[in-house]
Amino acid sequence: MASSDALLPISAREESDLNEETHRRRRPVKGLLAVSLGLLFIAFYVVLVATHDGSNRSNDVKIESDETATTTSRARLAGVSEKSNDKLWKLSGERNTVSFAWNNSVLSWQRTAFHFQPEQNWMNDPNGPLFYKGWYHFFYQYNPNAAVWGDIVWGHAVSKDLIHWVHLPIAMVADQWYDANGVWTGSATFLDDGSLVMLYTGSTDKFVQVQNLAYPEDLNDPLLLKWVKYSGNPVLVPPPGILPKDFRDPTTAWKTSTGKWRITIGSKINKTGISLVYDTTDFKTYEKHDTLLHQVPNTGMWECVDFYPVSKTAVNGLDTSVNGPNVKHIVKASMDDTRFDHYAVGTYFDSNGTWIPDDPSIDVGMSASLRYDYGKFYASKTFYDQNKGRRILWSWIGESDSEAADVQKGWSSLQGIPRTVVLDTKTGKNLVQWPVEEIESLRLSSKQFNMEVGPGSVVPVDVDSAAQLDIEAEFEIKKESLDKILGDASVVAEAEEFSCQKSGGASVRGALGPFGFSVLADKSLSEKTPVYFYVAKGKDSKLKTFFCTDTSRSTFANDVVKPIYGSSVPVLKGEKLTMRILVDHSIVEGFAQGGRTCITSRVYPTKAIYGAAKLFVFNNAIDATVTASFKVWQMNSAFIHPYSEEVVRAISSA
Amino acid sequence: MGNIVDETCKQTPDYTLCLSLLNSDPRSSSADIVGLCLILIDKIEALGTETIGQINVAYKTKPMLKRELDECNLRYKTIVEADVHTANIAIKGNPKFAEDAIVDAGVEASVCEGGFPKGQSPLTDLTQKMVKICDVTRAIVRMLL
């Protein structure tokens, strides 16, 4: 399904882009002269070899014109009357590329091998994740009838390890007046006696958003197959001053110091995003606070609010009720206006249920505030995994393709690989995320590589198949290159102005980057998805590092959104540049500096698929040489199990 | 003729088009923003259906463009069946999904148009109109977010 980013018909993209290597390869003119001169052949031969090294393929400078579907589409999202965006919809037929008609072979390749997705149809928000009696449970917004949003119910699946899932029957359907128009997002809370309750939003028969209570029918069933809705639902309706469609996504509850449970629910007042607070003892009746947990002007509706403690010193996760001097609290919200998830680190005051950010200049929802992920990533939700003492993050990864393609392929959306979330104890200012360690059980064979990558090089990485990979890499810019560039006054400081989005992508060369991997590339690199670092020189010879994913050339298809994603990433003194990439068919997840900056992208190559998908490492810097040390694993499928009664019986008695 | 129509259309990229679309429907005088969106979604559906009719005519008058017309047929079926359907449900409950559906409708129209060799599309007026209507509709849907 197309996202809200406007799609750029290929009219603005020049034909030469697609044939860049034929336009850009250096021609052996000197070679021809040398041969004809004969006697001087040997002398010229040395020159030939030096300029015509077979392994170098120059990805030469092409300063991109402002063809951006990215920058203008972001502006388009924000504003409603930007006439300059009309050119995006120009249909003058100037385009040079043929429209790509999806066929079943290309479409079926897009399905992932080890990411959570239902067997078919539409999925969106993660719901009520929890661990109970040996099983990780995952619920999700699901349309059982189509590959587009609608008829929303709670899908359900279980796993022993967050990776190998078994689909179960639908957990809750829209069978009451108070959720007739949708069984929407909610969260689970464990009570003191070990039982659990679920709070979720229902869209009533009149389209009013209310909060409902549900609980397992049988707590002895580790699979929690059946759920009961409380007869007194709804337990919360929109309070005075809150519009009926601005009241959804209740959080997991946490214990206050007085022993009551407390939840927060996102909303808005005019354009101010807010988070309402309610206290309860029984999850049936509630006291609403007069004050809010927090609010930020001009951020719009806060969806899927999440609120949880993180340790300032330790790397384990914390139960949602934990508080104390060694703890900070995270407030996170999904911004309805922009479809970005933002969070901030701050301090929680239990006495009155309020929270303030450590840094108000990057408060929740402000454009410069932190995001879990700078790519396609929304409606995320964490839970405390009491099994292994971790806080785990789930997120809805939607499609970036057209709805026609989704309908044709019969499904839409994925979940990201679950990530652990902790406070970055080194910076104290941001979270760090990392794919759960259980994913390593999918690693099959691996190959280790160590190489120097000169400026302007693209090197094929010899791994067999390249659509299911786990890559861990370390990069270092050679000291001589760094010293030279830092000392060269003619190299302009650009760190302040640089952004991945506006940079023009991986083919634009700088002094100290970009360098990284081109994943899902075909042999001739006509389609590719670079995931890379860009190191920019800042004022006072400081360096600023950016981590980007460039999907602008990921596919020839012209009905797909192809942004350039990314952000800066803190690199502390003495740290090498590290990145991890998970490639799984139409999803690429990148993690920089151990998960300080993460980028999830959806890509839909038409050529770089099946056996034709390759991996390259590249360095597009003008002068700097980079050393790369990396390991590439082939990844097995997770063999996610379709629902069947036999399987359910088998695992029930396990 | 409510002030709502005028005020709303001022906030869209094409005030004139917006006015003409809404004023041509009697429901607009007493509609709220959701109601105005529903009117426009109906317009999208009607235009989509009309375009499918034109595609069918073109199969006979321009048989050499069959491949491109097939693609347009697929794209416009998506508009009329999937996008319109999603937009109609979502607009009342969770408008961001309606916005996505309307953006997609514009994309499907663009992709259909873009498939024809230069100057050979028999649908240009219709596809351009679809894109413009989707632009206007999207702007109004965003007011509900």
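Residues numbered from 1 in each chain as written. Chains lettered and ligands numbered in written order. Predicted model: local features only at pLDDT ≥ 70, side-chain atom pairs only at ≥ 80, totals over all residues. Heavy atoms only, no water.

- With an unreviewed UniProt entry as reference, chain B is termed Pectinesterase inhibitor domain-containing protein, source organism Eruca vesicaria subsp. sativa.
- Among the UniProt annotations of chain B, the heading Sequence similarities (unreviewed entry) holds the following wording: "Belongs to the PMEI family." (UniProt positions renumbered as here; feature names shortened; annotations may be inferred.)

- As annotated in an unreviewed UniProt entry, chain A is beta-fructofuranosidase from Eruca vesicaria subsp. sativa.
- The UniProt entry for chain A carries this comment under Subcellular location (unreviewed entry): "Vacuole lumen".

Details of the overall build of chain A
Argument step 1. When helices and strands are counted, chain A shows eight helices and 35 strands.
Argument step 2. By residue count, 62% of the 654 residues in chain A fall in the buried class.
Argument step 3. Just so you have it, chain A exposes about 24,500 Å², and 54% of that area is on carbon and sulfur atoms. (Helix = DSSP H or I, 4+ residues; strand = E, 2+ residues; numbered from the N terminus. Buried < 20%, exposed > 50% of the residue type's maximum accessible area, 1.4 Å probe, protein only. Areas by Shrake-Rupley, 256 points an atom, 1.4 Å probe, with all protein chains shown as cover.)

A closer look at the confidence of the model for chain B
Argument step 1. Looking at chain B, pLDDT values average 96 and 99% of them are 70 or higher.
Argument step 2. Among the scores for the predicted complex, ipTM is 0.94 and pTM is 0.88. (pLDDT = per-residue confidence, 0-100.)

Concerning the UniProt feature "domain: Pectinesterase inhibitor" (unreviewed entry) in chain B
Argument step 1. Per the UniProt record, "domain: Pectinesterase inhibitor" (unreviewed entry) is found at residues 3–140 of chain B.
Argument step 2. Segment residues 3–140 of chain B splits into 80% helix and 0% strand. End C-alpha atoms: 15 Å apart.

Focus: the sheet that holds strand β17 (residues 354–357) of chain A
Residues and elements named next belong to chain A.
Argument step 1. Strand order in this open sheet of four strands is β14-β15-β16-β17, and the pairing throughout is antiparallel. Looking at which strands have only one partner, the edges of the open sheet turn out to be β14 (302–311) and β17. Neighbouring strand axes in the sheet, compared pairwise and without regard to direction, differ in orientation by 40° on average.
Argument step 2. Of the strand pairs in this sheet, strand β16 (residues 340–349) and β17 are connected by four bridges, and their pairing is antiparallel. Looking across to β17, one finds that Thr 347 is bridged to Ile 356. (Pairing = 2+ DSSP bridges. Axes fitted to C-alpha atoms, helices over the stretch in contact; angles between N-to-C directions.)

Looking at the pairing of strand β4 (residues 165–172) of chain A
Argument step 1. The element β4(A) is largely enclosed, with a buried count of six among its eight residues.
Argument step 2. Once strand β3 (residues 153–159) of chain A ends, the chain turns through five residues before running back antiparallel as β4(A), passing Leu162(A) with a positive phi of about 65°.

Quick word on the state of the cysteines
Working definition: the covalent bond between the sulfur atoms of two cysteines is a disulfide.
Argument step 1. All told, the structure shown has three disulfides over all chains when counted by the stated rule.
Argument step 2. Note that Cys500(A) is cross-linked by a disulfide to Cys548(A), the S-S spacing being 2.2 Å. In this structure, the disulfide formed by Cys500(A) and Cys548(A) twists by about -70° around the S-S bond and is classed as left-handed. Note that Cys500(A) is positioned in the loop between α7 (479–487) and β27 (512–521) and Cys548(A) in strand β29 (residues 543–550), a separation of 48 residues in sequence.
Argument step 3. Here Cys72(B) pairs with Cys112(B) through a disulfide, and the sulfurs are 2.1 Å apart. Here Cys72(B) and Cys112(B) share a disulfide; its torsion about the S-S bond, 95°, makes the bridge right-handed. With Cys72(B) in helix α4 (residues 66–93) and Cys112(B) in helix α5 (residues 95–114), this pair connects stretches of sequence that are 40 residues apart. (Disulfide = S-S within 2.5 Å.)

Topic: the sheet that holds strand β7 (residues 209–216) of chain A
All names here are of chain A.
Argument step 1. On the basis of which strands lie adjacent, the open sheet formed by four strands has the order β5-β6-β7-β8 and antiparallel pairing. In this open sheet, the two edge strands, each paired with only one partner strand, are β5 (183–190) and β8 (227–229). The mean angle between the axes of side-by-side strands here comes to 30°, regardless of whether they run parallel or antiparallel.
Argument step 2. Taken together, the three bridges between β7 and β8 define a ladder with antiparallel strand orientation. Paired with Pro 216 across the strands is Trp 227, a residue of β8.

Considerations on the UniProt feature "domain: Glycosyl hydrolase family 32 N-terminal" (unreviewed entry) in chain A
Argument step 1. In this structure's numbering, the residues bearing the UniProt feature "domain: Glycosyl hydrolase family 32 N-terminal" (unreviewed entry) are residues 115–435 of chain A.
Argument step 2. Secondary structure across residues 115–435 of chain A divides into 2% helix and 47% strand, with the first and last C-alpha atoms of the span separated by 12 Å.

Here we look at the pattern of salt bridges
Argument step 1. This model, assessed by the stated rule, comprises 49 salt bridges over all chains.
Argument step 2. For Asp100(B), the salt bridge goes to Arg339(A), with nearest N and O atoms at 3.5 Å. Residue Asp100(B) is found in helix α5, and its partner Arg339(A) is found in the loop between β15 (327–335) and β16; the two belong to separate chains. Both residues of the pair, Asp100(B) and Arg339(A), count as buried.
Argument step 3. Between Asp70(B) and Lys66(B) there is a salt bridge, with the nearest N and O atoms lying 2.7 Å from each other. Residue Asp70(B) and its partner Lys66(B) are located together in helix α4, separated by four residues, close to a single helical turn.
Argument step 4. For Asp70(B), a relative accessible area of 31% puts it in the partly exposed group.
Argument step 5. Members of the salt-bridge network, linked through shared partners, are Arg339(A), Glu99(B), Asp100(B), Arg138(B) and Arg142(B). (Salt bridge = Lys/Arg side-chain N within 4 Å of Asp/Glu carboxyl O.)

Regarding the pairing of strand β11 (residues 272–280) of chain A
All names here are of chain A.
Argument step 1. Most of β11 sits out of view: nine of its nine residues are buried.
Argument step 2. Once strand β10 (residues 261–269) ends, the chain turns through two residues before running back antiparallel as β11, passing Asn 270 with a positive phi of about 55°.
Argument step 3. Direction of pairing for β11 relative to strand β13 (residues 294–296): antiparallel, over a ladder of three bridges. Note on β13: the bridge partner recorded for Ile 274 is Gln 295.
Argument step 4. In this antiparallel pair of consecutive strands, β11 and strand β12 (residues 286–288), the connection spans five residues, and Phe 283 shows a positive phi of 65°.

Observations regarding unusual backbone geometry
All names here are of chain A.
Argument step 1. Asn 233 connects to Pro 234 through a cis peptide bond whose omega is 0°.
Argument step 2. Tracing the backbone shows Pro 234 in the loop between β8 and β9 (254–255).
Argument step 3. One non-glycine residue, Lys 133, lies in positive phi territory at about 45°.
Argument step 4. Position of Lys 133 among the secondary structure elements: in the loop between β1 (121–132) and β2 (135–143).
Argument step 5. Of note, Leu 162 is a non-glycine position whose phi angle comes to about 65°, a positive value.

Brief notes about the packing of aromatic side chains
Argument step 1. Taken as a whole and judged by the stated rule, the model has 41 aromatic pairs over all chains.
Argument step 2. Seen from their ring centres, Trp149(A) and Phe97(B) are 4.6 Å apart, and the 10° between their planes marks the pair as stacked. With Trp149(A) in the loop between β2 and β3 and Phe97(B) in helix α5, this pair bridges two chains. The same class applies to Trp149(A) and to Phe97(B), which are both buried.
Argument step 3. On the basis of an interplanar angle of 65° and a centroid distance of 6.2 Å, the ring pair of Tyr532(A) and Phe618(A) is categorised as edge-to-face. Residue Tyr532(A) is found in strand β28 (residues 529–537), and its partner Phe618(A) is found in strand β34 (residues 614–619); the two are separated by 86 residues along the sequence. This pair shows no difference in class: Tyr532(A) is buried, exactly as Phe618(A) is.
Argument step 4. By way of ring pairs, the aromatic residues Phe449(A), Phe475(A), Phe515(A), Phe517(A), Phe533(A), Phe547(A) and Phe630(A) are connected into one cluster.
Argument step 5. Stacked on the ring of Trp135(A), the Lys or Arg Lys160(A) has its end atom at 4.4 Å from the ring centre.
Argument step 6. The ring of Trp633(A) carries the charged tip of Arg443(A) above its face, separated from the ring centre by 3.5 Å. (Phe/Tyr/Trp six-rings, centres within 6.5 Å; stacked < 30°, edge-to-face > 60°. Lys NZ or Arg CZ within 6 Å of the ring centre and 35° of its normal.)

Quick notes on the packing of α4(B) against α5(B)
Residues and elements named next belong to chain B.
Argument step 1. The geometry of α4 relative to α5 is characterised by a closest axis approach of 7 Å and an angle of 165° between their N-to-C directions. With respect to α5, the element α4 is oriented roughly antiparallel. Crossing angle aside, the handedness with which α4 passes α5 is left-handed. Along the contact surface, α4 presents Cys 72, Arg 75, Tyr 76, Thr 78, Ile 79, Asp 83, Thr 86, Ala 87, Ala 90, Ile 91 and Gly 93, while α5 presents Pro 95, Phe 97, Ala 98, Ala 101, Ile 102, Asp 104, Ala 105, Glu 108, Ala 109, Val 111, Cys 112 and Glu 113.
Argument step 2. In terms of residue class, the contact of α4 with α5 is made up of 15 nonpolar, three polar and five charged. (Parallel < 35°, antiparallel > 145°, perpendicular 65-115°, else oblique. Left-handed = near helix turned anticlockwise from the far one by under 90°. Contact = heavy atoms within 4.5 Å. Nonpolar A, V, L, I, M, F, W, Y, C, P; charged D, E, K, R; others polar.)

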